[in-house]
Amino acid sequence: MSKQIAAIEDVVGVQESGFFGKMLRSQAFWITVFVALIVLLLILRTDRFWTANNLFNVARNLSFVGIMALGMTPVIITAGIDLSVGSIMGLSGIILGLVLVNTGSMWLAILACLGTALLVGIVNGALISYLKLNPFVITLGMLALARSLALVFSNNKLISFFGDEYDAFLNLGGGSLWGIPNPAIALVIFALIIGFLLNYTAWGQYVYALGGNEEAARLTGVPVRWIKMSVYMLAAFMAGVAAVLMVGWLGAVTNALGEQMELNVIAAAVIGGANLLGGAGTAFGAVIGAVLLEVIRNGLILAGVSSLWNGFFVGLFIILAVFLERVRNYRRG
Amino acid sequence: MPALLELSDISKHYGAIQALSSVDLSLESGEVLGLMGDNGAGKSTLVKIIAGNFPASEGQMRLEGEEVHFSKPVDARNKGIEVVYQDLALCNNLTAAANVFLGREIKRQLGPLKVLDYQAMYKRAGELFQELKSETRPRDVVRQMSGGQRQAVAIARTRLSKAKIVLMDEPTAAISVRQVAEVLDLLRKLRDQGLAVILISHRMPDVFSVADRIVVMRRGHKVADKAIKSSSPEEVTGLITGAIESA
């Protein structure tokens, strides 16, 4: 009898797989390997890829999609989707421009931008979680609605910022620190924050639980509606953050800001291992997905391939990512 | 001394459909109550009212003499009523430990933040599985587990806090013969610790081997409530099907 208990003790202490095993089973790891291979290829075959200037541009360009993909990932983990992030970026960017031009206050403008984004996120989240409406349809509606509001508020005109008074703001999105573009620094910081939230807080645990079995989460006392609402608020908020940085970098904003960006954002999250059926996804995956998209885009240009092919390769990788997911699940039995 | 749980005149109707008609039921500590009945007889409805999934249309529920109203499952759990659901209510993508602690994670203070204390949860979950004599590893993802292990995870949940009543909805429906014996053993163990257990089951042998008392439901009415010793499988079958009106 005592022998049997000892045996159970041994078994209970065993970890299914170590860090290494976990890594090998993660989609983000394989995408990282793939990115490394493409980068290696680009270094060997082109002169211009591994230059400070190009790397700087790549890092900045991928940050906007990456930041938004970080917000999209928790939504997808809960088996939801947010199609409106591109439009939220456009609307909050226009609000940012209007407030900045009219008040001259950078902080007020940023606050208005993030506030607008958050407000749209609250509307999305409330309709989806409290009224139990379908996230695909609600955010599709919001995609059209927010974009139209951006058109109305901007009166279909470009809003641009010239002069010293805007320097601090333009530097926020266009500047750099120790040779690293500011948006990329923001990306890393937000990746760490969201990675921490997903892995080390009850909120993160509940996000995964919701995607695994929503009914079980409800029965065990998880505040399902609030968690659901919060992920849409976060996705919208991150679109607002991306708007601040992108408008700062461009030095101007039109109502086309962020148009069709939702597709790249969802692609980045999915390529990085977020499962549209819910239950899986990581902050690192969202970042590496965004890296892959930009490296492909940049690589095609440097390799002299017509940029018309860009969509083809992005699409190919989305399909490959889903295929990889299937293969890994199949092996797991 | 009042009964641990006392239901009086509990009814539940959905529009014109009467799911439960004025059911009285009492439950004492340290007893296993077998709840039997055909599909649609009202046993699940009764259990869901006790578990706080939805309120009764009429009637009162008293816990240790005090009237209680549950509007959600957590209310019942906070009063010491734990449920093992028929489908076990597990998240396949989470580890065994995460499932055990779902909704009441152990946290520790990290500066101003409260973070999950994985080590403490793995340790406590491991202890619970050991108590249950189940070869379940806290770090394993539930997706990869056998039926018995999944059952252990769901039962370990009920052992987290000082529960007074454990409701089990068909715990032996989907597991192997050896595992059924283990689950029934565990039920006896819970009873010996002074808990009250309500076992809902279709399986006559299980109920007769473990229950002290049996309640039979038919078409929303309680048709029998007697000590298991003074009943027989034949009588219960008759009661379930309606061949015997009541006993």
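Residues numbered from 1 in each chain as written. Chains lettered and ligands numbered in written order. Predicted model: local features only at pLDDT ≥ 70, side-chain atom pairs only at ≥ 80, totals over all residues. Heavy atoms only, no water.

**A short note on the overall build of chain B**
In plain terms, the rule: Strands here are runs of E lasting at least two residues and helices are runs of H or I lasting at least four, both read from the DSSP assignment and numbered beginning at the N terminus. Atoms counted for the radius of gyration: C-alpha only. Globule rule: 2.2 Å times residue count to the power 0.38. Burial classes: relative accessible area under 20% of the type maximum marks a residue as buried, over 50% as exposed, and values in between as partly exposed (1.4 Å probe, protein chains only).
Helix and strand counts for chain B stand at 8 helices and 12 strands. The C-alpha radius of gyration computed for chain B amounts to 19 Å, which stays within 12% of the reference 18 Å derived for 247 residues, consistent with globular compactness. When the backbone C-alpha atoms are referred to their principal axes, chain B occupies close to 60 × 40 × 35 Å. Every one of the 247 residues in chain B was classed for burial, and the buried ones make up 54%.

**Observations concerning the pattern of salt bridges**
Residues and elements named next belong to chain B. As a reminder of what qualifies: Put simply, a salt bridge is a Lys or Arg side-chain nitrogen that is within 4 Å of an Asp or Glu carboxyl oxygen.
The final tally for this structure, using the stated rule, is 18 salt bridges over all chains. Between Asp75 and Lys72 there is a salt bridge, and its shortest N-O distance comes to 3.6 Å. Here Lys72 falls in the partly exposed class, since its relative accessible area comes to 44%. One salt bridge in this structure joins Glu82 and Arg104, with 3.1 Å as the shortest N-O distance. Placement of the pair is Glu82 in strand β6 (residues 81-84) and Arg104 in the loop between α3 (96-100) and β7 (107-110), with a sequence separation of 22 residues.

**Some points on the confidence of the model for chain B**
To be explicit about the condition: The pLDDT value expresses, per residue, how confident the predictor is, ranging between 0 and 100.
Looking at chain B as a whole, its pLDDT mean stands at 87, while 99% of the residues score no less than 70. For chain B, helix α6 (residues 177-192) of chain B is the element with the lowest average pLDDT, namely 81, and α3 of chain B is the one with the highest, namely 93.

**Observations regarding the packing of aromatic side chains**
Note the threshold: Stacked, edge-to-face and tilted are the three classes for Phe, Tyr and Trp ring pairs, Trp counted by its six-membered ring, which pair at centre distances within 6.5 Å; planes under 30 degrees apart are stacked, over 60 edge-to-face, the rest tilted. Criterion for a charge above a ring: Lys NZ or Arg CZ within 6 Å of the ring centre, and within 35 degrees of the ring normal.
All chains considered together, the criterion is met by 11 aromatic pairs over all chains. A ring pair is formed by Phe49 of chain A and Trp50 of chain A, whose centres lie 6.4 Å apart and whose planes are at 35°; its orientation type is tilted. Note on Phe49 of chain A: relative accessible area 2%, which makes it buried. Seen in terms of ring centroids, Phe312 of chain A and Phe313 of chain A are 5.4 Å apart; in terms of plane orientation they differ by 80°. Their pairing is edge-to-face. Relative accessible area serves as the criterion here: at 47%, Phe312 of chain A is assigned to the partly exposed category. Cluster of aromatic residues (ring-pair linked, three or more members): Phe196 and Tyr200 of chain A together with Tyr118 and Tyr122 of chain B. Over the aromatic face of Tyr122 of chain B sits the side chain of Arg139 of chain B, whose NZ or CZ is 4.2 Å from the ring centroid.

**Quick word on the nonpolar core**
Most often, soluble globular proteins keep nonpolar side chains buried together rather than apart. Test applied: Definition of nonpolar core: a set of buried residues of the types Ala, Val, Leu, Ile, Met, Phe, Trp, Tyr and Cys, connected through side-chain atoms within 4.5 Å. Contact criterion: two residues are considered in contact whenever any of their non-hydrogen atoms come within 4.5 Å of each other.
Residues Leu70 and Phe169 of chain A together with Ile165 and Leu167 of chain B are the most contacted members of the largest nonpolar core, which totals 191 residues. If you tally residues by element for this core, the top one is helix α12 (residues 224-250) of chain A, at 16 residues. If sequence neighbours within four positions are ignored, Leu70 of chain A has contacts with Leu187, Phe190, Ala191, Ile194, Met238, Ala283, Ala286 and Val287 of chain A.

**Quick word on the interface of chain A and chain B**
Selection criterion: Once two parts are brought into contact, the accessible area they lose, counted with a 1.4 Å probe and summed over both, makes up the buried area. Residues were grouped as follows: Ala, Val, Leu, Ile, Met, Phe, Trp, Tyr, Cys and Pro as nonpolar; Asp, Glu, Lys and Arg as charged; and all remaining residues, including Gly, as polar.
Each side of the interface is counted separately: chain A has 29 residues, and chain B has 36 residues. Summing both partners gives a buried area of about 2800 Å² for chain A against chain B, and 61% of it is carried by carbon and sulfur. Connecting chain A to chain B are 0 salt bridges. Of the residues belonging to the side of chain A that touches chain B, the class tally is 16 nonpolar, 10 polar and 3 charged.

**Concerning the sheet that holds strand β9 (residues 165-169) of chain B**
Residue and element names in this part refer to chain B. Where we set the bar: Two strands qualify as a pair provided that DSSP identifies no fewer than 2 bridges between them. Only the stretch in contact is used when a helix axis is fitted, and all axes are lines through C-alpha atoms; the angle between N-to-C directions ranges over 0 to 180 degrees.
Strand order across the open sheet formed by 6 strands is β6-β9-β10-β3-β11-β12, with mixed pairing between neighbours. The sheet is open, and its two edges are formed by β6 and β12 (221-227), each paired on a single side. Going across the sheet, the axis of each strand differs from the next one's by a mean of 15°, ignoring polarity. When strand β3 (residues 32-37) meets strand β11 (residues 213-218), the two strands line up parallel, connected through 5 bridges. Bridging from a neighbouring strand, Gly34 pairs with Ile214 of β11.

**What about the pairing of β7 of chain B?**
Residues and elements named next belong to chain B. Sheet analysis places β7 next to strand β8 (residues 113-116), joined by 4 bridges and oriented antiparallel. Counted as the bridge partner of Lys107 is Leu116 from β8. Between β7 and β8, which pair antiparallel one after the other, the connecting turn spans 2 residues, and Gly111 there sits at a positive phi close to 60°.

**Topic: the sheet that holds strand β2 (residues 17-27) of chain B**
Residues and elements named next belong to chain B. Taken in spatial order, the 4 strands line up as β2-β1-β4-β5 in an open sheet, and their pairing is antiparallel. Lying at the two open borders of the sheet, with one neighbouring strand each, are β2 and β5 (66-67). The sheet contact formed by strand β1 (residues 5-14) and β2 spans 7 bridges and is antiparallel. The residue of β2 that forms the bridge with Leu7 is Leu25. The sheet contacts of helix α1 (residues 43-51) involve β1, β2 and β4 (58-63), and relative to β1 the element is tilted by about 120°.

**Topic: the environment of Arg62 of chain B**
All names here are of chain B. With respect to the helices, strands and loops of the structure, Arg62 is situated in strand β4. Under the relative-accessibility criterion, Arg62 is labelled partly exposed at 29%. It is 5.0 Å that separates the C-alpha atoms of Arg62 and Glu6, two residues lying 56 residues apart in sequence.

**As for the confidence of the model for chain A**
Summing up the model confidence of chain A, the mean pLDDT is 88 and the portion of residues at 70 or higher is 92%. This model gives residues 1-6 of chain A a pLDDT under 50, and the stretch forms 3 contacts once residues within four places in sequence are excluded.

**Concerning helix α8 (residues 233-241) of chain B**
All names here are of chain B. Those residues of α8 that fall on the buried side of the exposure criterion are Glu235, Val236, Gly238, Leu239 and Ile240. Elements that come into contact with the buried residues of α8 comprise β3, α7 (204-210), β11 and β12. At the C-terminal side of α8, Gly242 shows a positive phi close to 100°.

**So, helix α9 (residues 182-200) of chain A**
Put simply, the rule reads: Expected helix span is computed as 1.5 Å times (number of residues minus one).
Here α9 of chain A spans 27 Å end to end across 19 residues, near enough to the 27 Å set by a 1.5 Å rise per residue. All buried positions along α9 of chain A are accounted for by Asn182, Pro183, Ala184, Ala186, Leu187, Phe190, Ala191, Ile194, Gly195 and Leu198 of chain A.

**Considering a nonpolar patch on the surface**
Residues and elements named next belong to chain A. For clarity, the threshold we go by: Here the term patch refers to residues with relative accessible area over 30% and no salt bridge, with like charges joined within 9 Å and nonpolar side chains (Val, Leu, Ile, Met, Phe, Trp, Tyr) within 5 Å. Accessibility throughout is a Shrake-Rupley quantity obtained with a 1.4 Å probe, and a residue counts as covered only by protein chains that appear here.
On the surface, Val305, Trp309, Phe312, Leu316, Leu320, Phe323 and Val327 cluster together into a nonpolar patch covering about 650 Å² of accessible area. By secondary structure assignment, the location of Trp309 is in the loop between α14 (283-302) and α15 (310-332). The exposure class assigned to Trp309 is partly exposed, which follows from its relative accessible area of 44%.

**Quick word on the packing of helix α5 (residues 147-158) of chain B against α6 of chain B**
Residue and element names in this part refer to chain B. Here is the rule we go by: In these notes the angle categories are as follows: under 35 degrees is roughly parallel, over 145 is roughly antiparallel, 65 to 115 is roughly perpendicular, and the rest is oblique. For any pair of crossing helices, the crossing counts as left-handed if the nearer helix is rotated counterclockwise from the farther one by less than a right angle, and right-handed if it is rotated clockwise.
Where α5 contacts α6, the axes come no closer than 10 Å and their chain directions differ by 15°. As far as their axial angle goes, α6 and α5 are roughly parallel. At the point where α5 passes α6, the crossing takes the right-handed sense. Here Gly147, Gly148, Gln151 and Ile155 of α5 lie close against α6, whose contacting residues are Gln179, Val183 and Leu186.

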